[in-house]
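# Survey of secondary and tertiary structure
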Amino acid sequence: MTNVVVSREKGHVVSVQCKGHSGYAPEGEDIVCAALSAVVQTAVLGVFRVAGVKADYHTDEDKGSLSLALGSMSEEKRRTCDAILETMLLGVKDLQEGYPAFIKLEVKDDVY
């Protein structure tokens, strides 16, 4: 199962953590893992390239982990990141609803 934790501070997504392989199918054939990875990694690209935000980002393919942590930024960049990350969250929620045995989603509000 892949555990996804999205943390918010004052209504803004400030971090995303994904851990574990979904286990839906063997590696290379796992459509759940591929879909989840595509949604989250596209959002990360958006944060970096569309919003122009430098964030703390780490992945470990062997462990099936990804983490993104945002720091302080301008209001304009914050609005752009909000749009990107809230859209990502919609995609993750949709995948979790379709494959609840393989994706666990937790949204933590005001964690800091």
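We now turn to the structure provided with this report.

### As for the overall build of the protein chain
For the protein chain, the helix and strand inventory stands at 2 helices and 5 strands. Going from N to C terminus, the protein chain has its helices and strands arranged as β-β-α-β-β-α-β. Counting every position in the protein chain, which comprises 112 residues, the buried fraction comes to 33%. Counting only carbon and sulfur atoms, one obtains 50% of the accessible surface of the protein chain, whose full area is about 6,700 Å². Averaged over its 12 positive side-chain charges, the protein chain has a centre that lies 7 Å from the centre of its 17 negative ones.

### Section: helix H2 (residues 75–98)
For H2, which comprises 24 residues, the first-to-last C-alpha distance of 34 Å matches the rise-based estimate of 34 Å (1.5 Å per residue) to within 8%. Along H2, the positions that sit buried rather than exposed are Arg-78, Cys-81, Asp-82, Ile-84, Leu-85, Met-88, Leu-89, Val-92 and Leu-95. Packing partners of the buried residues in H2 comprise strand S1 (2–9), strand S2 (12–19), helix H1 (31–50), strand S4 (65–69) and strand S5 (103–108).

### Points about the pairing of S4
Of the two faces of S4, only the one carrying Leu-66 and Leu-68 is buried; Ser-65, Ser-67 and Ala-69 on the other face are not. In this sheet, S4 lies alongside strand S3 (residues 56–60) in antiparallel orientation, the contact comprising 5 bridges. Considered in S4, the bridge of Thr-59 is made with Leu-66. In this structure, the hairpin formed by S3 and S4 is closed by a connection of 4 residues, where Gly-64 is found at a positive phi of approximately 70 degrees.

### Quick notes on the nonpolar core
In this structure, Val-40, Val-47, Leu-68, Leu-70, Leu-85 and Met-88 are the most contacted members of the largest nonpolar core, which totals 25 residues. Of all the elements in the fold, those that place two or more residues in this core are S1, S2, H1, S4 and H2. Here this core takes 7 residues from H2, the largest share from any one element.

### Some points on the packing of aromatic side chains
Centre distance and the angle of the planes are the two values used to describe a pair of aromatic rings. Tallied over the full model, the rule gives 3 aromatic pairs. Taking 5.5 Å as the distance between ring centres and 85 degrees as the angle between the ring planes, the aromatic pair formed by Tyr-24 and Tyr-99 counts as edge-to-face. You can see Tyr-24 sitting in the loop between S2 and H1 and its partner Tyr-99 sitting in the loop between H2 and S5, a full 75 residues away along the chain. The exposure class assigned to Tyr-99 is partly exposed, which follows from its relative accessible area of 27%. Through successive ring pairs, a cluster of aromatic residues spans Tyr-24, Tyr-99 and Phe-102.

### Points about the sheet that holds S2
Across a sheet, paired strands are connected by hydrogen bonds in the backbone, their directions being either parallel or antiparallel. One open sheet holds the 5 strands; their spatial order is S3-S4-S2-S1-S5, and the pairing between them is mixed. Whereas interior strands pair on both sides, the edge strands pair on one side only; in this sheet they are S3 and S5. Taking each pair of neighbouring strands and ignoring which way they run, the sheet shows an average axis angle of 10 degrees. Here S2 pairs with S4 via 5 bridges, running antiparallel. Bridge pairing in S4 places Ser-15 opposite Ala-69.

Quick notes on the rules
- Residues numbered from 1 in each chain as written.
- Predicted model: local features only at pLDDT ≥ 70, side-chain atom pairs only at ≥ 80, totals over all residues.
- Heavy atoms only, no water.
- Helix = DSSP H or I, 4+ residues; strand = E, 2+ residues; numbered from the N terminus.
- Buried < 20%, exposed > 50% of the residue type's maximum accessible area, 1.4 Å probe, protein only.
- Areas by Shrake-Rupley, 256 points an atom, 1.4 Å probe, with all protein chains shown as cover.
- Lys, Arg positive; Asp, Glu negative; His and termini not counted.
- Charge placed at Lys NZ, Arg CZ, Asp CG, Glu CD.
- Expected span 1.5 Å × (residues − 1).
- Contact = heavy atoms within 4.5 Å.
- Pairing = 2+ DSSP bridges.
- Core = buried A, V, L, I, M, F, W, Y, C linked by side-chain atoms within 4.5 Å.
- Phe/Tyr/Trp six-rings, centres within 6.5 Å; stacked < 30°, edge-to-face > 60°.
- Axes fitted to C-alpha atoms, helices over the stretch in contact; angles between N-to-C directions.

Interpretation note: all reported values are geometric properties and have no functional meaning in isolation.
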